[in-house]
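So the chains spell out like this:
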Amino acid sequence: MKAKWITPAVTAMDENGHVDLEANKNIYDFLIKNGMDGILLLGSIGEFFSIPLEEKKMLIREALAYSNMNCGISK
């Protein structure tokens, strides 16, 4: 599937500076419900360079699983 509308998504962080998975899922829900069919992770404000590699991997895995589950996409 080719995305018609793609937007960068901010990466929500918790009070300790770690990726907040639930807050990020809320952001994805908002974007999807408002017509986005493509979401760019880790690229909205340069956070890519400040998040540890393992947290980036976790966010990407969780975002893929969540978006696939909530958009009817199967692997």
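As the structure is a computational prediction, the values presented were derived from the model and not from experiment. (Residues numbered from 1 in each chain as written. Predicted model: local features only at pLDDT ≥ 70, side-chain atom pairs only at ≥ 80, totals over all residues. Heavy atoms only, no water.)

1. What to know about the overall build of the chain
Then step 1. A count of helices and strands for the chain gives two helices and two strands.
Then step 2. Across its three principal axes, the chain shows a C-alpha extent of roughly 35 × 20 × 20 Å.
Then step 3. Within the chain, the fraction of its 75 residues that count as buried is 28%.
Then step 4. Residue pairs at least 24 apart in sequence account for 62% of intrachain contacts in the chain once pairs closer than 6 positions are excluded.
Then step 5. Per element, the accessible surface of the chain, about 5,400 Å² overall, is 60% carbon and sulfur.
Then step 6. Taken together, the 8 basic and 10 acidic charged side chains of the chain have centroids lying 11 Å from each other. (Helix = DSSP H or I, 4+ residues; strand = E, 2+ residues; numbered from the N terminus. Buried < 20%, exposed > 50% of the residue type's maximum accessible area, 1.4 Å probe, protein only. Contact = heavy atoms within 4.5 Å. Areas by Shrake-Rupley, 256 points an atom, 1.4 Å probe, with all protein chains shown as cover. Lys, Arg positive; Asp, Glu negative; His and termini not counted. Charge placed at Lys NZ, Arg CZ, Asp CG, Glu CD.)

2. A few points about the nonpolar core
Then step 1. Among the nonpolar cores identified, the biggest contains nine residues, and these are Ala9, Val19, Tyr28, Leu31, Leu42, Ile51, Leu59, Ala63 and Tyr66.
Then step 2. The greatest single-element share of this core, amounting to three residues, is contributed by helix H2 (residues 53–71). (Core = buried A, V, L, I, M, F, W, Y, C linked by side-chain atoms within 4.5 Å.)

3. Thoughts on helix H1 (residues 21–33)
Then step 1. Spanning 13 residues, H1 covers 18 Å between terminal C-alpha atoms, matching the ideal 18 Å at 1.5 Å per step.
Then step 2. Those residues of H1 not exposed but buried are Asn24, Lys25, Tyr28, Asp29 and Leu31. Along the axis of H1, the buried residues cluster in a sector spanning 165 degrees; they form a single face. Among the exposed residues of H1, those oriented more than 90 degrees off its buried face are Asn26, Phe30 and Lys33.
Then step 3. Looking at the residues trailing H1, positive phi occurs at Gly35, about 100 degrees. (Expected span 1.5 Å × (residues − 1). Arc of directions from axis to C-beta.)

4. Concerning the pattern of salt bridges
Then step 1. Under the criterion given, the structure shown has two salt bridges.
Then step 2. Of the charged contacts, one joins Glu22 and Lys25 as a salt bridge, the two residues approaching to 3.4 Å between their closest N and O atoms. One end of the pair is Glu22 and the other is Lys25, both in helix H1 and three residues apart, which spans about a single turn. (Salt bridge = Lys/Arg side-chain N within 4 Å of Asp/Glu carboxyl O.)

5. Quick word on the environment of Met69
Then step 1. Examined against the element boundaries, Met69 turns out to sit in helix H2.
Then step 2. For Met69, a relative accessible area of 60% gives the class exposed.
Then step 3. Remark: the alpha-carbon pair of Met69 and Lys57, spanning twelve residues in sequence, is separated by 18 Å.

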